[in-house]
Structure formats: C-alpha cells, structure tokens
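What follows is the residue order along each chain.
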Amino acid sequence: MKMRFVMPAFLALGLMCAGGAYFAFHPLRPTTSPSPPVLSNASVLRRAPYDPLAIQKQVEFHAGKTRENPRSAMEFAFLAGTYLQRCRETGDIDDALRAEQTARRSLAIRTRHNAGASNLLALSLLTQHRFSEARGLAEKALALDPGDRQAADLRAECLLELGDYEEAGKALRPTGAEDDNATSNSLRARLYAIDGNPTAALTLLGRAQFQVDRNMDMPVANVAWFHMRRGDCLASMGNAREAEQAYREALALFPGDYRTLTALCRLAAGQNHWREAIDWGARAVAIVPMPDALVLLFDAYQASGNAAAARAQVRLLDSIATLSRAHGNLYDRQRALFYADHDLHLKEALTLARAEMKVRHDIYAYDTLAWASFKNGKLKEAKQAIDRALARHTLEAGILYHAGRIACAQGKPTEGRALLEHALAINHGFHPTAPAEARRILAGLPHGTAQR
C-alpha cells in the first residue's frame, strides 16, 4: 500500500503551465473585480477536461531532461515541480519525498539565483508536515528577496500550521496589488475563519475561486481545490446545499479528487444520509484510502447496521497508521480524534494528541488534546487545552461541542448548555453522531433547549 497524505493549501497554486514547459511559482495577476461571481457547473465545464495521464507524461518528460542535462539546475527544478503536481493529484507521499530530493539536487548545482528550487524544497517539506524546516527555508528566501511572494505565502502557511497566528496575520497583511492573488487570499480566509469571521473567509474564498477560474494556465486539479475549499467553508457554516454545489463543481473539474469525494461523504454523514455517505466514501477510498474517509465510512456502516464493514475500516486505518510511522506520523491527529470519538484505544489517543503538540500548536492540536484528555478523565488538562483552542473565538461547531462536553463534565451546566447550543446553531450536521449526542445532553440539562 502506498502512503498517501493530505495536501497543504499552498500546493493548490498552479506549479506548471498547461503544456508543462516550465514550472511557474507566480502569483496570479490581481483582479479589480469588486464582487467576484460564483461560477456555475456550466461555467466550470468550459475548461478542457482533466487528463489523468498528463502529469505522468510531464514527469517522464522532465526526468528525461535531467538525464540529458545532469548539471542543469533548471531541469531538476522543473522535475521537482512535476513531482509535487503529481503528489497533489494522487496523494502519494513518495512524490513529496522525490520532490525534496530533486529540489535539493537543483540547489546543489546552483544555490544563487535559484529561488524557484528553494521554494519547491520548502513546499515539499511543508507537504511532509515538516513545518519548522519549511518556515526556515522560506525565511532565508525572504532575507535574500523580501519581494518573493511565494516564499512569503509559504512562510505564512507554515505559521498557520504551527499556530503562530499573530505572526501569520502580519505576514498576510496586504501591502500592495501583488498581494491580491488566490493563494494569499485563501490563506487570509483561513485566518479569518480561525478568528471567528467565517463570512469574511467565505468572501475571500469566493474571490480566490474567481481568480483561479480565470487562470486558464492553472491545472484543473488545482483549480478544483479552490472550489472544494469554498465548499468546506459553506459546510462549516451549516449551508449544506451550497456546499454540495461547490463540491460538485470541484468534481466536474477533477473527477478523481478523493478530497472532494471525502467532503461529500462528510456532508452526507452529517445529515445522516448513510447510503449516500457510503457511496461517496467508498469512491474516495477506492482512489486513496485516507483516514478521514475511513473514519466517516466507519460511522456510516455502523449506523447502517453493517458492523463487519465498519470493523474493516478500523483495520485499514490501523494499517495506514503503521505505514505512517515511516513518514513522520502524518495522521496522528485524525487517529487521536477517531479513537476519542469512539472510545477506542483511549490511552493511545492521548499519547498521539500529546505528541502532536510537539510538532505544532494550532487550535486543532489543542482541540485534539482537549478531547483526548476529556475521554481519559483528565478534566483539568482538557479544560486548559480547550481554552487554548477557543482563544481566538473560532466559530467551529466541533470545537464548541467538545468545549460544551468538558464544561458539563466539570459541573458547569449553564456554560455547557450555551456551548452545545451554539455548536448546533452554527452547524447541526457538523459530525455524523455528535449532534445527536449534543441534543441528548441538552434535553437532560436544567432549562436546556435542544436545538435542531
């Protein structure tokens, strides 16, 4: 089984032109349109259809060029870019490793005036969740050229992953027209969402989508990512209908996108549409067996009464965890949450959550630690962690639900009720099973008002 992983946001930026003749880490030209429209499926389909063989041909072409010109730093940089693009399309972690090695080869040939290879190396490290290393490279690039927009965005994404939101905010503050590009806007949207302003995040994601939809040189698989991200934002706000439309637009562009298929599985599971969730999840897992999809399939099979199929998802998840250890434990956060959600391997869940804190300190790492601590009966540790997860007033239903459960366990029913009701008000389909549990708890609390 090949190791697969979740793609960082920055890799959604187009790395190559349509013909594959060069890699292009250029920001998109700024647009002056004040209110970008959301494109319909019909508009999306005007693009040439996705060709799954194109990226393999580009990899083979550039690999051949490096054999012809083994001292060409440019050719090795081109090849690193194609490895990363293939990584983006297939989710194969080995391509991120190949990109790292190839970018290092390019830099070994020529260190000066090779910013493209340096950024590709940083991106390959970011993809492998080696956030501090990637940030260091981006900062070195910016020291040489403060105007390197790609290095600036790479650094900003690393800061977001590491949980250094104050510094990320400074890095993402627009200073000129060149900062109005899809990648920068998507990163700003992410920070807006973390800071409790999903409406502003959605506006920026709509703008970013509009910008990439106009960029006919960007690979369609990369364009699809921006449609999916807008769908994610809509789903987090409880707008399932528009989220589904955005996801279907992404699939129209990139039919084999396991991330979007998983997102549709999550959307269906949150509405307890179990058969639909199983259909979407099975399609995602058939392409790439990612932990997120396996977890959702577990819940869908359990709810459908198919215990044997549910157990099969757990076995596959455990197999992936074994492989993951050789690649830096990329999925520890997902496993910790899954174990805590289902009262499985609770000590291991806490161990995984604590280990994650050694790598990054974003709100999701704190939320994971809080939930695993809660399920292990460590309420003091859970309270400290959930307070850090909520420190930026993030309006995310899952985090608020965890906070409500912790408050109730601490004997604070009024606080717990407010948090659980807030979670349901934001998104009553935020999880396959947690909303029903929240309503059950609310019904038993003094003066509790269970919401839809």
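Below: a short report on this structure. (Residues numbered from 1 in each chain as written. Predicted model: local features only at pLDDT ≥ 70, side-chain atom pairs only at ≥ 80, totals over all residues. Heavy atoms only, no water.)

This next bit is on the packing of aromatic side chains. In the structure shown here, the tally under the stated rule is 7 aromatic pairs. Residues Trp-371 and Phe-374 carry aromatic rings whose centres are separated by 5.2 Å and whose planes lie at 15° to one another, so their mutual orientation is stacked. Residue Trp-371 and its partner Phe-374 are both found in helix α19 (residues 363-375); the two are separated by 3 residues, about one turn of the helix. Aromatic side chains Tyr-401 and Phe-430 sit 5.7 Å apart centroid to centroid with 50° between the ring planes, which places their arrangement in the tilted category. With Tyr-401 in helix α21 (residues 397-409) and Phe-430 in the loop between α22 (413-426) and α23 (434-444), this residue pair connects regions lying 29 residues apart in the sequence. The exposure class assigned to Phe-430 is buried, which follows from its relative accessible area of 16%. In this structure an aromatic cluster arises from ring pairing among Trp-371, Phe-374, Tyr-401 and Phe-430. (Phe/Tyr/Trp six-rings, centres within 6.5 Å; stacked < 30°, edge-to-face > 60°. Helix = DSSP H or I, 4+ residues; strand = E, 2+ residues; numbered from the N terminus. Buried < 20%, exposed > 50% of the residue type's maximum accessible area, 1.4 Å probe, protein only.)

Right, let's talk about helix α4 (residues 93-109) for a bit. Given a rise of 1.5 Å per residue, 17 residues ought to cover 24 Å, and the 25 Å separating the end C-alpha atoms of α4 matches this to within 8%. Among the residues making up α4, those that are buried are Ile-93, Asp-95, Ala-96, Ala-99, Glu-100, Thr-102, Ala-103, Ser-106, Leu-107 and Ile-109. Along its buried surface, α4 packs onto α3 (73-90) and α5 (115-127). By the N-cap criterion, in which a side-chain oxygen at the helix start approaches the backbone nitrogen of a residue two or three places on, α4 is capped by Asp-92, the distance to Asp-94 being 3.0 Å. (Expected span 1.5 Å × (residues − 1). Contact = heavy atoms within 4.5 Å. Polar contact = N/O pair within 3.5 Å; in protein donor to acceptor, adjacent residues only side chain to side chain.)

Counting 107 residues, the largest nonpolar core has Tyr-247, Ile-386 and Tyr-401 as the members making the most contacts within it. The element that contributes the greatest number of residues to this core is helix α11 (residues 220-236), accounting for 10 residues. Setting aside residues no more than four positions away along its own chain, Ile-386 makes contact with Asp-367, Ala-370, Ile-399, His-402, Ala-403 and Ile-406. Of all hydrophobic cores here, the second largest spans 25 residues; its members include Ile-55, Tyr-83, Leu-125 and Phe-131. (Core = buried A, V, L, I, M, F, W, Y, C linked by side-chain atoms within 4.5 Å.)

Between helix α2 (residues 54-68) and α3, whose axes approach to 9 Å, the crossing angle comes to 160°. By the angle class used here, α2 and α3 are roughly antiparallel. Seen from above, α2 lies across α3 with left-handed handedness. The segment α2 lies against α3, with Ile-55, Gln-56, Gln-58, Val-59, His-62, Ala-63, Lys-65 and Thr-66 engaging Glu-75, Phe-76, Phe-78, Leu-79, Thr-82, Tyr-83, Gln-85, Arg-86 and Glu-89. Taken together, the residues of the contact of α2 with α3 sort by class into 7 nonpolar, 6 polar and 4 charged. (Axes fitted to C-alpha atoms, helices over the stretch in contact; angles between N-to-C directions. Parallel < 35°, antiparallel > 145°, perpendicular 65-115°, else oblique. Left-handed = near helix turned anticlockwise from the far one by under 90°. Nonpolar A, V, L, I, M, F, W, Y, C, P; charged D, E, K, R; others polar.)

Phi at His-113 is positive, roughly 55°, even though this residue is not glycine. Assignment of secondary structure puts His-113 in the loop between α4 and α5. A relative accessible area of 70% places His-113 in the exposed class. Phi at His-129 takes a positive value of approximately 65°, unusual for a residue other than glycine. With relative accessibility at 22%, the residue His-129 sits in the partly exposed group.

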